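These are the residues of each chain, in order.
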Amino acid sequence: WCFCHLVLASLLLPWVAGIPLDNGRGPSRVHGGHVTYAWGRNQYHQLGLNERINNGSRYAPDVVDTGYAKVKALYAGENSNYLETANLTISSWGKNDWGQLGIVHNNPVYLPTHVRSLISKSIMFFEGGGNHAFVGIDNTGQAKGFDYDDFSSNPENFVYVGDAKSSAEGRLQLNSLEKRSVGAVWHARKVQVYQAFRTYFRFRIQHHDKDFGGGDGLVLVIQSHGLNALGGDGQDIGLAKGSRRGFRAGVPNSLGIEIDTYNDVGLEVRSCGPEPYTFDNSDGDCFLGGVDFGDINPKDQAFHTIIVQYAPFLLDVFLDNEDIPIKRIPLNMEVLVQTDNNDGMAYIGFTCATGDAYSLHEVSSWHFKNLALGAIQVGFDPFGANQVRAFGANFQGQLGLAFMDKDPRYEPNLMTQLADIVVVELGAGVEHSVAVTDDGVVYSWGGNAYGQLGHFDTVPRTTPTRVLQIVLQSQIYCNCLNPSRRNTTDMYGCPVQAVAGGYFSLIVFEAKDKGQVWHEVWGWGDNAFGQVGCINVPLVKQESTNVKNCQGYVPVAANKKCPETHPEVKMLTEGLPLSFFGKDSGILIAELHAGEFHSLALTTTGRLLAWGYNHRGQLGVGSRISSGTPADISPAFPPSLKIKRIEAGGFHNVLLTHDSVLFTWGANYFGQLGLGDRAYRPTPTLVKHFMGPDGGPAGGSEIFDVAAGRHHTIAVGPCAGAGFNNGSLNSCTCKFGWKGPSCHIRCRGTGDPKLPSFKPCNGQGTFDSEDRRGTNKDHLYDCENDGTCICLAGYRGADCEIACLPTETRHFVPPMGSRGNCVCIDGWTGDACDIEVVKVLTEEELLLMAEQAGAGHVTPQWLTCVVSLLALAVTLLS
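Every value quoted in this text rests on a predicted model; they were computed, and no experiment measured them.

## Quick notes on the overall build of the chain
A count of helical and extended segments in the chain gives 6 helices and 52 strands. Relative to its full complement of 878 residues, the chain shows a buried share of 56%. Residue pairs at least 24 apart in sequence account for 60% of intrachain contacts in the chain once pairs closer than 6 positions are excluded. Total accessible area on the chain stands at roughly 35300 Å², and carbon and sulfur atoms take up 51% of it.

Spelled out as structure tokens, the structure:
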């Protein structure tokens, strides 16, 4: 169903009544650096939190690891998500059993992963359904790169440095088995590395013999220093390794991806670029990240394949398996490899050094593909034909590929039946799909058990098929083949929006006559809860005579039927108009949305209408009574509120205002409302997670786009606020002393946080080792990701301000070494061991004292009475 509305209606609606609309799906301001949030159900990893097991739902927003990509738009299917960046990439994650993520396989995906076939494609529209999806793209771009399987046949394309050479077999050999050696091979021409690219090579490490001494690895290096660059004195990382303080073994503006073979076999990524993407460690080797190879051993003298894929701002590295990366690192190539004139053109090649070992590093093939060059064309038709591609489940023919088979498609497939047709709007339901073309035709295909295709039957279709009722309605108004009619007084009519609910379809039909413009809403399919709505059933039809050269029929009388009172309209196999809308209603629809069993409409005057299933309060009217008559829920919002976006999930809704304020309502069993609990809300409720103390958006949380799945929600906001290292490149990393997914949490500590002398946790606390969003200072004493302090040994207190050393007022156990023991001596308590313990005697201790006092004597009766009273008092107090 239509979880995410499309940009295309915005191109058709402004001329309806001269009202400018902002639905956010057209050309928009590209924000610099973003944080993506997700909450709700996570059974199918739809929250993208990189959890290999179902770790439970999230009742409040959590952060998705997108590498702070510059997000242009979010989309959601039933249990899957799609993220479009400003750098021409689409990432997907979540449920993938039918290939609905478009990433070649059907394994689950735990965190956002690039859809390779869509990298550098200009996205015209995107629509996620139950277990399938559609994308409209411009496919005119041609990628550029190189492919080498024999390095001896094109010697002019390479520059060999040091001991590197081409072998008789046509392989690159970086060093020699006969001596200690250092070598490098560079592609003679620069390549574009700021945009998306993919490179892969087959390599082998022969005769690695650690008994001879050192022995280091093979490195893929990107650098901007020239073709004679070789690197340091036997250092394994070559150019990319070296202290940022002294650059003894490397230089800045380079990035190296090393197959390390010295000790533990693994992958290491290093760069000597500037902050904030480098993290100095104790060795000062510009380390960005690494991973062990596990069961794969590159020292087995067999050939292995490394795949490196970059799309701003994520670097993925694969080893012998291109399905799941062995390492993902968020980075910005523009920061790490600064090129001449900032044009992104850099040298790429291999470097290695054997150290004291005699070993041979070989590369048998090398491929580089620039996925962005030529992808952006000036003056292309954004809604040209041949653009719609489909992927995912196809068991009901919902992909519309017109084949007899109903096999799923794991990557986007061209819809050949729409190859010569301009699609302007498309909706995807649970098992069916519906589309509107620029010539006023509505097509539908897929499952049809509830008549959701509108073809007067319940037979599924594997091919896009015209919806006859809408075709006839267009003919009444001479259809909409000639757009020039829209600016005249002539009568015209044409469908402009299409949405697919769970098992029903809705169409906005726009008409004009004698200067008056109105909208009709037509629907068909499952209407058990009134999600299609109350309908107008024509009683008498007569041939149209009032329009020249037109043929068709117009109703002269109608009867209103609602599913609550007329069981025969609980399922409609033909398209019929809803009684609430039409020529006399005065309502123009800006956006139309459908959940699984309910519908939403935003009018051009700002009214928000809801109808259909309401068992979980998704209509927002304060009750749980379903209705086929649209209810106006606009009074639930402040009068000054301006709606920017609405999204219908399966059983809940999300509303975003122009002031970045978020409201949710409806079902909440999985926490999909983001309110911190599981209670459903029958009226729109403010999501306070993104609100600051002054009632406005919190720093770094100015949400600008949202999407809703069946039981989950995603949102995105800019990296802005007090805690971010924005800089000129919008780096989206936290300043030292700031924490949290949106860098909005200030670390605890005494003193004024505004002063440079302020130290988180007083410089005596640890930091969360999993948090790598900070600057290169993040390895110093910081605080936990929630801003609290976990103190180092020898310190106590909420801010780690107390040294555990004994003084006249602090009764700590004397230190055993240089630091104090954070243990109080007997009789003292408190963080500073400065609270004396008042001992309360037990009944046994009181009796013992009495016995000792009266040893050898008979205990006086009065003393026994006092002891008994004291014992009773102790019992009552305890």
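## As for the packing of aromatic side chains
The tally for this structure, following the rule as stated, stands at 30 aromatic pairs. Here Tyr37 and Phe690 contribute two aromatic rings whose centre-to-centre distance is 5.1 Å and whose plane-to-plane angle is 75°, an arrangement assigned as edge-to-face. Placement of the pair is Tyr37 in strand β1 (residues 34-40) and Phe690 in the loop between β44 (681-686) and β45 (705-708), with a sequence separation of 653 residues. Classification of Phe690 as buried rests on a relative accessible area of 1%. Above the plane of the ring of Tyr44 lies Lys95, whose end atom (NZ or CZ) is 4.3 Å from the centre. Seen from the ring of Tyr669, Arg678 lies directly overhead, with NZ or CZ sitting 4.0 Å from the centre.

## Let's talk about the sheet that holds strand β27 (residues 423-428)
Pairing is antiparallel in the open sheet, where 4 strands are placed in the order β27-β28-β29-β30. Single-partner strands in this sheet number two, and they are β27 and β30 (461-466). Neighbour-to-neighbour, the strand axes of the sheet open up by a mean angle of 15°, direction not taken into account. Pairing analysis gives 3 bridges linking strand β29 (residues 442-446) to β30, with the strands arranged antiparallel. Within the sheet, the bridge partner assigned to Tyr443 lies in β30 and is Arg466.

## A word on the side chain of Asp316
Among the secondary structure elements, Asp316 is positioned in strand β21 (residues 313-319). Beyond its immediate sequence surroundings of up to four residues, Asp316 is in contact with His114, Ile307, Val308, Gln309, Pro325, Lys327 and Arg328.

## Quick notes on empty space enclosed by the protein
Here the structure, examined in full by the defined rule, presents 8 cavities of 30 Å³ or more. A volume near 70 Å³ is recorded for the largest cavity. Surrounding the largest cavity, Ile103, Val104, His105, Thr113, His114, Arg116, Phe318, Glu322 and Asp323 form its lining. Here the lining of the largest cavity is built from residues that sort into 3 nonpolar, 3 polar and 3 charged.

## Here's the deal with a nonpolar patch on the surface
Judged by side-chain polarity, Phe456, Leu468 and Leu472 come together as a nonpolar surface patch covering roughly 260 Å² of accessible area. The topology assignment puts Leu468 in helix α4 (residues 468-476). Judged by its relative accessible area of 45%, Leu468 is partly exposed.

About the thresholds
Residues numbered from 1 in each chain as written. Predicted model: local features only at pLDDT ≥ 70, side-chain atom pairs only at ≥ 80, totals over all residues. Heavy atoms only, no water. Helix = DSSP H or I, 4+ residues; strand = E, 2+ residues; numbered from the N terminus. Buried < 20%, exposed > 50% of the residue type's maximum accessible area, 1.4 Å probe, protein only. Contact = heavy atoms within 4.5 Å. Areas by Shrake-Rupley, 256 points an atom, 1.4 Å probe, with all protein chains shown as cover. Phe/Tyr/Trp six-rings, centres within 6.5 Å; stacked < 30°, edge-to-face > 60°. Lys NZ or Arg CZ within 6 Å of the ring centre and 35° of its normal. Pairing = 2+ DSSP bridges. Axes fitted to C-alpha atoms, helices over the stretch in contact; angles between N-to-C directions. 1 Å grid on protein atoms, 1.4 Å probe; cavity = no way out; pocket = protein on both sides within 12 Å on 5 of 7 lines; lining within 4 Å. Points joined across faces, edges and corners; volume = space filled by probe spheres on them. Nonpolar A, V, L, I, M, F, W, Y, C, P; charged D, E, K, R; others polar. Patch = residues over 30% accessible without salt bridge, like charges linked within 9 Å, V, L, I, M, F, W, Y side chains within 5 Å. Salt bridge = Lys/Arg side-chain N within 4 Å of Asp/Glu carboxyl O.

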